[in-house]
2 protein chains.
Amino acid sequence: MNVSDLGEFGLIDRMRKYAPMTSSVVKGIGDDTAVLRYTKDKYLLFTTDMLVEGTHFTRRMGAAGIGHKALACSISDIAAMGGVATHAVVSLGVTPKMPARFVEDIYKGMAALAKRFGVSIVGGDTVRSDKVVINVALLGEVAKKYLVTRDKAKPGDWIFVTGTLGRSLVTGKHLNFTPRLKEARFLVKNFKPSAMIDISDGLAGDLNHILRASKVGGRLWDNAVPLTKGAALAQALTDGEDFELLFTLKESDAMRLLKWQNKRRSWFFYPIGEITKDPRQMIKAKGYTHF
Amino acid sequence: MNVSDLGEFGLIDRMRKYAPMTSSVVKGIGDDTAVLRYTKDKYLLFTTDMLVEGTHFTRRMGAAGIGHKALACSISDIAAMGGVATHAVVSLGVTPKMPARFVEDIYKGMAALAKRFGVSIVGGDTVRSDKVVINVALLGEVAKKYLVTRDKAKPGDWIFVTGTLGRSLVTGKHLNFTPRLKEARFLVKNFKPSAMIDISDGLAGDLNHILRASKVGGRLWDNAVPLTKGAALAQALTDGEDFELLFTLKESDAMRLLKWQNKRRSWFFYPIGEITKDPRQMIKAKGYTHF
């Protein structure tokens, strides 16, 4: 058996199987970030993302965008837990022949985003590698009362998404997207999302993560999924790398959110479906597979 | 100008130049780990290490050793600050054709070490990559009074090392070394090391890091550096990947440590030189360069 037979989630399961845990861990492997004990009122959030040249980007995409993306993916994970991002450490693998300017532009792209989100870049490692590899590990924090995981969606909840989906790789959105942290903070402060996740593998795959973790089913409404210009529903379901947030709200909260939005018209939360009782009711479409 | 002209430390300087920082950061880029505000009595430590196939290991070296090394490097960084390691997140890049068993053995090697040091593995990312890449980001903590950085060595201090140096790659020590965390904890609890660092680039390079950061000079005593069997002094100075701790103690503490050691004979701290006033007195030997 090789890695492609096992698949990404098989691999992660193997890791979980061996991973030692102590009582300081509130949530380990299996959500957007780990959740650790911290202070009386807050949890510490901890996540890591690796981007590899040829898999997640090519050099022609531009260094600043690559740096932006490397940090933005991790901020999006912190957002999906309802938290704020605080401190990052960055590992970079590059070839000796790479122009110094290229590396500098990666750092600049990353630093610009870090500044916008109040993230301190506090450490790094630089190593020799034929292909460019960037790893960002990010800390965040969240008030205990604001923590949202992916396993508490309930039958009758409405399903929402924070923006249009599909064709992220074609449009370049995957290199310049704004992580939906502000939107997530608004949600956790004013509503009580029952589950939340960021869409990295495509709507189908990531919604199924919520359904599986919450032991419920789900149904998307006809024509409700907001599509990026030129995208077909199949692309919204499976393209991945949209980095929008996908969340569920009980019906009364859903009504309140739509009413608020109707009045204010500044952000857009799209209702796209509902949670059902039957855990066999999964979203049918194959998400992006890494292997 | 390309990356090899700039060198590893030039690269890190570029990163530091752009890295945004907030008041929560006690120490950012430039020591073994970052130091962050945490509780009234403790600091949070945060570090990251990337290992790339072909640069830091080959597949033939065995998966368990590779997994061990990936985490051990980071634990060694936490030890060098006087702290204990707590939580790790692990990113792994592998090819789809890699035997699942190989990945499993990487995790097992890492998990075994994590268990020994009370580290919880709380998150991960798995991505597609032609070459195997492993990144470990590690959190730790340290009582404020036990924190040791690399910039407080004083003229007259003695220089110590925790074990023999040289030929780590040949002997396989780089794949199975025990991070000197226990020894570091003993030191910070019973003495007051003025500076500490782990030896990853070779004795010369890493001692020079202490000298430069502390704005002092240093001198190694003739024949005092403990050599791994078969190693010449030049190898101890430059081979790198020894992951022993290098630290400085004021003379009275040095005497006390040697007396204690003489009585107990269980661990071995080797006195190898002294700190001098003249910051131009650096250790002459070229350390391992990454680029």
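Here goes a summary of the coordinates provided. Note that the coordinates shown come from a computational prediction; the quantities given were computed from them, not determined experimentally.

Thresholds, definitions, all that
Each chain carries its own residue numbering, running from 1 in the direction its sequence is written. Lettering of chains starts at A and numbering of ligands starts at 1, both following the order in which they are written. In keeping with the predicted nature of the model, local features appear solely for residues at pLDDT of at least 70, side-chain atom pairs appear and are counted solely at 80 or more, and the whole-chain, interface and lining totals rest on all residues. Per the convention used, a helix needs a DSSP run of H or I reaching at least four residues, while a strand needs a run of E reaching at least two, with both numbered from the N terminus. Our exposure labels follow a C-beta count within 10 Å of each residue's own C-beta, placed from the backbone: buried means 20 or more other C-beta atoms, exposed means 12 or fewer, and partly exposed covers the counts in between. Residue pairs are scored as contacts if the distance between their C-beta atoms, which are placed from the backbone, is within 7 Å. Side-chain classes follow a simple rule in which Ala, Val, Leu, Ile, Met, Phe, Trp, Tyr, Cys and Pro form the nonpolar group, Asp, Glu, Lys and Arg form the charged group, and the remainder, Gly included, forms the polar group. Copies are brought into register by a least-squares superposition over C-alpha atoms of residues with pLDDT of at least 70 in both. In plain words, the nonpolar core is the set of buried Ala, Val, Leu, Ile, Met, Phe, Trp, Tyr and Cys residues that C-beta atoms within 7 Å link up. Two strands pair if DSSP finds at least two bridges between them. Here the axes come from fitting lines to C-alpha atoms, over the contacting stretch only for helices, and the angles between their N-to-C directions go from 0 to 180 degrees.

So, the overall build of chain A
Secondary structure summary: chain A contains nine helices and eleven strands in total. C-alpha extents for chain A along the principal axes are approximately 55 × 50 × 50 Å. Each of the 291 residues in chain A was classed as buried or not, and the buried ones make up 57%. Taking the intrachain contacts of chain A between residues at least 6 apart in sequence as the baseline, contacts between residues at least 24 apart amount to 84%.

Quick notes on the environment of B:Leu203
Residue and element names in this part refer to chain B. Note on placement: leucine 203 falls in helix H7 (residues 203-214). By C-beta crowding, leucine 203 is classed as buried, having 29 other C-beta atoms within 10 Å. The spatial distance from the C-alpha of leucine 203 to the C-alpha of glutamine 235 is 9.1 Å, given a sequence separation of 32 residues. When residues no more than four places from it in sequence are discounted, the contact partners of leucine 203 are Leu165, Val225, Ala236, Leu237 and Leu246.

A few points about the interface of chain B and chain A
Accessible area lost during the coming together of the parts is what is often quoted as the interface size. The partner chain A presents 70 residues to the 70 residues of chain B that form the contact. Among the elements of the structure, helix H1 (3-18), strand S2 (34-37), strand S3 (42-52), strand S4 (84-94), helix H3 (100-116), strand S5 (120-128) and strand S6 (133-143) of chain B are those that each provide at least two residues to the side of chain B that touches chain A. Partitioned by chemical class, the residues of the side of chain B that touches chain A number 36 nonpolar, 22 polar and twelve charged.

Things to note about the relation of the copies chain B and chain A
Rotating chain B by 180° about the axis while translating it 0.0 Å along that axis superimposes it on chain A, leaving an RMSD of 0.0 Å. The relationship between the two copies is best expressed as a two-fold rotation axis. When C-alpha distances to the rotation axis are compared across chain B, the minimum falls at B:Ala137, with a value of 3.1 Å.

Let's talk about the nonpolar core
A:Leu45, A:Ala88, B:Leu45 and B:Ala88 are the most contacted members of the largest nonpolar core, which has 191 residues in total. Ignoring sequence-local partners within four residues, the contact set of A:Ala88 consists of A:Leu71, A:Ala114, A:Val119, A:Ile121, A:Val122, A:Val136, A:Ala137 and A:Leu138.

What about the pairing of S2(B)?
Residues and elements named next belong to chain B. Two strands pair when backbone bridges link them, and strand S1 (residues 25-27) and S2 are joined in this way by two bridges, in the antiparallel orientation. Of the residues in S2, the one forming a bridge with valine 25 is leucine 36. Counting the residues that bridge the hairpin from S1 to S2 gives six residues, and of these glycine 30 lies at a positive phi of roughly 125°. The sheet contact formed by S2 and S3 spans four bridges and is antiparallel. In the strand pairing of S3, arginine 37 is matched with tyrosine 43. The turn joining S2 and S3, which pair antiparallel and follow one another in sequence, is formed by four residues.

Considerations on the sheet that holds strand S8 (residues 195-198) of chain B
Residue and element names in this part refer to chain B. Ordered by their spatial adjacency, five strands build an open sheet running S8-S10-S7-S11-S9, and the pairing between neighbours is antiparallel. Strand pairing shows two members of the sheet lacking a second neighbour, S8 and strand S9 (217-220), which therefore form its edges. Each strand of the sheet is rotated relative to its neighbour by a mean of 25°, with strand direction disregarded. Bridge analysis of S8 against strand S10 (residues 245-249) gives four bridges, and the strand direction is antiparallel.

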